[in-house]
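# Architecture and fold: a report
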Amino acid sequence: MQTNGNVSKYTHLIWDWNGTLQDDVWLCIDVMNGLLYRRRKPAITLQQYREIFRFPVRDYYLKAGLDYVIKPFELIAEEFILEYDSRSQECSLQPKVVDVLNIFAEKNLSQYLLSASQQEPLEINVAHYGLIKYFHRIVGLSDYYANGKIDTGRKLVAEIDASVNSIVLIGDTIHDYEVAQAIGVACVLFSGGHQSKDRLEKCGTIVVENLIDLLSVVG
């Protein structure tokens, strides 16, 4: 675990969903490789995926080998999401998710979910795993283009109506760090999700390898 000076304790936790709480990396790779196969493009590996995945995802699609000459991004995104959503409940949660959420709940920490997933499928997914009870608010996007979540993050922080010094965002991508910076809150990154530890550490914030490590970092 990389640390960055003294770590404050927080009372409001904003969680990312995909890759942080839900272990869906393998599914994202499988669905992408299906898209690439149907276009006679080479498949990507786990290592390649974790090095090229980024927000907005339209840039990641290009890095993966897709192009928008024959079919525009919006239609490719729809193709991806329709298959992903039909299989998303095949995924497991990351190790110790329930334990960690439960411990934070017992400490009376307020927990929120902020995702680049579409709102309705996100709520269905969270309910499937029996986790809705842990979150004061679940915030997704209104479309499936996954352009980012800075705007929704700002709205969520305004609703929390607490000092930004009491809030920490927990995610697994550089974009999560960018969101935290934009909305003025602390950030902890988890290296078991969609981007490699080396990429995450370049953000200069705390990086944990296991979610259980958050217990000593957050509060």
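Residues numbered from 1 in each chain as written. Predicted model: local features only at pLDDT ≥ 70, side-chain atom pairs only at ≥ 80, totals over all residues. Heavy atoms only, no water.

Moving on: the overall build of the protein. Secondary structure assignment for the protein yields 10 helices and eight strands. In terms of C-alpha radius of gyration, the protein reaches 17 Å, essentially the compact-globule figure of 17 Å for 219 residues. When its C-alpha atoms are laid out on the principal axes, the protein stretches across 50 × 35 × 30 Å. For the protein, the proportion of contacts with a sequence separation of at least 24, taken over those separated by at least 6, is 68%. Approximately 10200 Å² of the protein is accessible, and the part contributed by carbon and sulfur atoms is 50%. (Helix = DSSP H or I, 4+ residues; strand = E, 2+ residues; numbered from the N terminus. Rg over C-alpha atoms; globule rule 2.2 N^0.38 Å. Contact = heavy atoms within 4.5 Å. Areas by Shrake-Rupley, 256 points an atom, 1.4 Å probe, with all protein chains shown as cover.)

Interaxial distance between helix α7 (residues 150–160) and helix α8 (residues 174–183) falls to 9 Å at its minimum, and their mutual angle equals 45°. Taken together, the axes of α7 and α8 lie oblique to each other. For the pair α7 and α8, the sense of crossing is right-handed. Where α7 abuts α8, its residues I150, G153, R154 and V157 lie against H175, V179, A182 and I183. Considering only residue class, the contact of α7 with α8 consists of five nonpolar, two polar and one charged. (Axes fitted to C-alpha atoms, helices over the stretch in contact; angles between N-to-C directions. Parallel < 35°, antiparallel > 145°, perpendicular 65-115°, else oblique. Left-handed = near helix turned anticlockwise from the far one by under 90°. Nonpolar A, V, L, I, M, F, W, Y, C, P; charged D, E, K, R; others polar.)

Turning our eyes to something else, we now look at the pattern of salt bridges. All told, the structure shown has 16 salt bridges when counted by the stated rule. Here R87 makes a salt bridge to D30, at a shortest N to O gap of 2.8 Å. Of this pair, R87 sits in helix α4 (residues 73–87) while D30 sits in helix α1 (residues 25–38), and the two are 57 residues apart along the sequence. Across the pair K197 and E201 runs a salt bridge, and its minimum N-O distance is 3.9 Å. In this pair, K197 and E201 both sit in helix α9 (residues 197–201), four residues apart, roughly one turn of the helix. (Salt bridge = Lys/Arg side-chain N within 4 Å of Asp/Glu carboxyl O.)

The next thing to look at is the environment of G193. Position of G193 among the secondary structure elements: in the loop between β7 (186–190) and α9. In sequence terms G193 and D172 are 21 residues apart; their C-alpha atoms lie 5.4 Å from each other. Leaving out residues up to four positions away in the same chain, G193 has contacts with G19, V25, R50, Q94 and D172.

On to the layout of surface pockets, then. It is the rolling of a water-molecule-sized probe over the atoms that shows where space remains empty. Computed from the structure, the largest pocket encloses a volume of approximately 490 Å³. Those elements giving two or more residues to the lining of the largest pocket turn out to be α3 (57–64), α4, β4 (110–118) and α6 (119–128). Partitioned by chemical class, the residues of the lining of the largest pocket number 17 nonpolar, 10 polar and seven charged. (1 Å grid on protein atoms, 1.4 Å probe; cavity = no way out; pocket = protein on both sides within 12 Å on 5 of 7 lines; lining within 4 Å. Points joined across faces, edges and corners; volume = space filled by probe spheres on them.)

On to the nonpolar core, then. Counting 52 residues, the largest nonpolar core has W15, Y60, Y61 and F135 as its most contacted members. No other element matches the eight residues that α1 contributes to this core. With residues up to four places along the chain from it excluded, the contact list for W15 reads T20, L21, V100, L101, F104, Q111, Y112, L113, L114, F135, I170 and L214. Counting residues in hydrophobic clusters, the runner-up holds 19 residues, among them I14, Y112, L156 and I183. (Core = buried A, V, L, I, M, F, W, Y, C linked by side-chain atoms within 4.5 Å. Buried < 20%, exposed > 50% of the residue type's maximum accessible area, 1.4 Å probe, protein only.)

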